[in-house]
Amino acid sequence: MQRDPMQRIRLFGILLLMALLVCVYTLTSSGRFHIVDEVSLFAVTESLALRGEVDTNTIAWTQYVNSPGEVLGAFGPDGQVFSKKGPAPAFLAAPWYLFLHIITELNVEIGQLQSTLLWNGIITALTAALLWLTALRLGYGDRTGMVLGLFFGLATIAWPYANQFFGEPLSALSLLLTLYGMLRWRQNGRWWWMLIAGFGAAQAFTTVTAHAVLIALFGVWWLGDWALRRRRDAQMPGAGWGSLLAGVAAFAAPLLVAGALLMLYNFVRFGSPLETGYHFDSGEGFTSPFLAGFWGLVFSPYRGLFWHTPLFIASLIAFVPFVRRQRSVAILIVALSAALIGLYSLWWMWWGGFAWGPRFLVPLTPFWVLLLAPLVEPMTATPFRWRRLGPLQWMTVALAATSFLVQVGAVSVNFVNFEILLRDRYPTDWEDPLRYGPPAQALTALLDSPVIGQFRLMLTGFAANSDLAWLWADGTIRWLVVLIGGAAVVTLGGALVLWWRASAAPERASISTPTLILVVILPVLVIATWTGEVGPEPSYGQEGIGYRAIVHDICQTVSATDAFVNIAPTAYQIPMNWMPGECKTDIPTFGYALDSINHPETAPVLERVLIENDRIWFVTDGVQPNDPDNTVERWLADRAFKATDDWYENMRLLQYATPVRLSGLEAREINTALLGRRAEQITITSVRTPSVAVAGKPIPIELQYRLEAPTDQNLRWFVQLLSGQNIPLAQLDSGPDDNYTTFSSLPARELLTERAGLLVPRNTPEGEYLLIAGLYNPDDEGARLITIDGPDFVSLGAVRVVKPE
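Before going into details, it helps to say that this report is about the structure given with it. (Residues numbered from 1 in each chain as written. Predicted model: local features only at pLDDT ≥ 70, side-chain atom pairs only at ≥ 80, totals over all residues. Heavy atoms only, no water.)

**Structural notes on the overall build of the chain**
Helix and strand counts for the chain come out as 27 helices and 17 strands. With the principal axes as the frame, the chain shows a C-alpha extent of 110 × 60 × 55 Å. Within the chain, buried positions represent 59% of all 805 residues. The long-range share in the chain, meaning contacts at least 24 apart out of those at least 6 apart in sequence, stands at 77%. (Helix = DSSP H or I, 4+ residues; strand = E, 2+ residues; numbered from the N terminus. Buried < 20%, exposed > 50% of the residue type's maximum accessible area, 1.4 Å probe, protein only. Contact = heavy atoms within 4.5 Å.)

Dropping the structure here:
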């Protein structure tokens, strides 16, 4: 059987389209988050890929913002934080994350976070390819499919969202897959196409549960379309009741499985299969006046669909000829559009926070581009004749060009910067932030539209406002990215011209296998160059300094029984980007705010950390030791055993031993008094410390002591690990209660506890060592207090040091 030559041409074209879009998206990626919604989804991907968990404890600080309605997660019964976003985008990105993680573990230095953010570019390129195939199912040619794919990928808001970590791009792909599967079933009646449609629907549902309304519309449309076609042609594919029931079952099966898994996901997070994490009792919900939201989403300069994608004006005009050829599909697109626009017109924050354009309408973009097929088709005729292009075609080209420029503005400079400027002009009432009215709603506020604002930012300082990973705020340009990426785009553009010519006469065209391989390799080369070059971008820290140095030092000795707690909410992206690659062991991370202990959910989580881990790495940003506002550090001082406290620029890295190594150990009585030259008298009554220490890890030491009389001297503790020659191998110097109090303020004749940690150096040889503790007076020339027998320390017993496993 002779093979259709157009199949290879089509394969070449689809690969070419995807490769070109992936290259463009990579070149225009910022490699950073824009709003916290993205961070919440990414945190789920990170937890799932690295630890098999679904918490977002790494950004627990996001729970403490201006109002409950603005937070991106919810607390589980045990105090852990979980994202309220649908799980599908985060789960499906996990394999991409793991693939990149494998590369980083091969000592290839790439930013894990930066590279993962390229994921939606791949999703959007897949959607463009599927749009092409959908147009074929509706009777349009491959050239039309190619143009529609390019329009979708480069002239709609799909492009900016390809560079962000939202769920909307996956929603667009999922809903289009649902339509494609149903169209294929309509043509051949084979049940597996309905199974594919069901997978698309299930994916959409687990991305946004509100998409259940759209899935219901798909189901009603499919049944109605079947009934109408069966009435006209009883012999059509799938006309039998058996075929219909098989299709229904195939479509429903993935949805039922997805629903069950979603309920399980909810139960794991919140202890209830129906709890999603949204705060409907705190202002979230479908509470906005419909007309305000409708105007804002469709027409307003601030978020209006037609301002952010002028090409969709042509979609409205194309609707009439589209209806003539595909009435049934046109009805479906109208129903989907009405439902989604209507739904989010009522949503309390219909503008989507700090976002570009109508974020919630991104899932409609492939459908609205599909409507353009009748206007595009005359442009793709063979042989091409200029006179075949009527006013509608020229209008479509002009609107596509305008839309392209709008998207270029969106991806070139950071739209968040203009949003911040708008907040200055239209300030939020922080007493009641849920009442905030979005700006630039009236047509008279056109100059305040973000569409225009992006170009205003370019004029005020392109580099300073850059949203391109290869162009930094200080004007630095990563030229290798520009040259390799530019060359790839030019090469693929030339290949596109060749494809266009070949598609006119496929029987005479020859697409070699090396050509296909080259098309696949080029985007891989661009991604590899981009990931290798953009890592040093300043917002991700400078190697060897500050947080980057902290990450490096943690990863040198990290073990599976460690945990990482930080109070650095403005620098969360640094460990997200570098720890997975530098650390050979992945550990749980908990990111809190200074006042987090004041919230009842925090302490139970940290209590569990103390029970399940034997070391805590603790990082603060711009906070002095013993700062009274740092409630987490104060909490740790009362329960853990601080071993180190080191500065890295304006950040601190602390190591704590936890009580795990003391579990089951009885206190050993000492009852030895220490006497000072200024009448100080302190009795160490007992000690608890493990008999075995691991080199490279801190050991906990719990001292019970008593002041025999009040003192006005500010004594300090010392704890040391001595070699056989009485040489200190490790030591700790601390005031009482981890420097949170002074001896002069302690009560007399009461039993007190001092918790100390001692870091055993990594290079300590295995063997027996002596632990000692004592007190000295810095105000008395550093004189040590002595025992009645004469020594200036108290022996805490022998410790056997072993190498880590």
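**A few points about the sheet that holds strand β14 (residues 751–759)**
Reading across the sheet, the 4 strands line up as β8-β9-β11-β14 and stay open at both edges, with antiparallel pairing between neighbours. The sheet is open, and its two borders are formed by β8 (668–675) and β14, each paired with just one other strand. Across the sheet, the mean angle from the axis of one strand to that of its neighbour is 30°, orientation sign disregarded. As paired strands, strand β9 (residues 681–688) and strand β11 (residues 698–707) are joined by 6 bridges and run antiparallel to one another. When the bridges of β11 are listed, Ser686 appears paired with Gln704. (Pairing = 2+ DSSP bridges. Axes fitted to C-alpha atoms, helices over the stretch in contact; angles between N-to-C directions.)

**Overview of empty space enclosed by the protein**
Over the atoms rolls a probe the size of a water molecule, and its path tells where empty space is left. Tallying each qualifying case throughout the model produces 7 cavities of 30 Å³ or more. What the largest cavity holds in volume is close to 250 Å³. Among the secondary structure elements, those contributing two or more residues to the lining of the largest cavity are α2 (36–51), β3 (562–567) and α24 (573–582). Residues of the lining of the largest cavity, tallied by class, amount to 10 nonpolar, 6 polar and 4 charged. (1 Å grid on protein atoms, 1.4 Å probe; cavity = no way out; pocket = protein on both sides within 12 Å on 5 of 7 lines; lining within 4 Å. Points joined across faces, edges and corners; volume = space filled by probe spheres on them. Nonpolar A, V, L, I, M, F, W, Y, C, P; charged D, E, K, R; others polar.)

**Observations regarding the packing of helix α1 (residues 5–27) against helix α6 (residues 142–154)**
One way to put it is that α1 packs onto α6 with a least axis distance of 11 Å and a crossing angle of 10°. In terms of their interaxial angle, α1 and α6 are classed as roughly parallel. In this structure, α1 contributes Met6, Arg10, Gly13, Leu17, Leu20, Leu21, Val24 and Tyr25 to the contact, and α6 contributes Asp142, Met146, Gly149, Leu150, Gly153 and Leu154. Partitioned by chemical class, the residues of the contact of α1 with α6 number 9 nonpolar, 3 polar and 2 charged. (Parallel < 35°, antiparallel > 145°, perpendicular 65-115°, else oblique.)

**A short note on the state of the cysteines**
Overall, the coordinates contain 1 disulfide when judged by the stated rule. Between the sulfur atoms of Cys555 and its disulfide mate Cys583 the distance is 1.9 Å. One disulfide, between Cys555 and Cys583, carries an S-S torsion of -75° and so falls in the left-handed class. Taken as a pair, Cys555 in helix α23 (residues 546–557) and Cys583 in the loop between α24 and β4 (589–591) lie far apart in primary sequence, 28 residues in all. (Disulfide = S-S within 2.5 Å.)

**Details of the pattern of salt bridges**
Here the structure, examined in full by the defined rule, presents 32 salt bridges. Residue Arg359 pairs with Glu168 through a salt bridge whose shortest N-O separation is 3.4 Å. On the criterion of sequence distance, the pair formed by Arg359 in the loop between α15 (327–345) and α16 (365–370) and Glu168 in helix α8 (residues 168–188) is long-range, its members being 191 residues apart. Of the two residues, Arg359 and Glu168, both sit in the buried class. Its salt-bridge partner being Glu708, residue Arg706 comes within 3.1 Å of it at the nearest N-O pair. Among the ionic contacts, a cluster of salt bridges with common partners joins Glu633, Lys642, Asp645, Arg652 and Asp738. (Salt bridge = Lys/Arg side-chain N within 4 Å of Asp/Glu carboxyl O.)

**Some details on the packing of helix α18 (residues 391–412) against helix α20 (residues 450–461)**
The geometry of α18 relative to α20 is characterised by a closest axis approach of 9 Å and an angle of 55° between their N-to-C directions. The pairing of α18 with α20 is recorded here as oblique in orientation. In this structure, α18 crosses over α20, and the sense of that crossing is left-handed. Contact residues: Leu405, Val406, Val408, Gly409, Ala410 and Ser412 in α18; Val451, Gln454, Phe455 and Met458 in α20. Of the residues belonging to the contact of α18 with α20, the class tally is 7 nonpolar, 3 polar and no charged. (Left-handed = near helix turned anticlockwise from the far one by under 90°.)

By themselves, these observations are geometric and do not establish any function.
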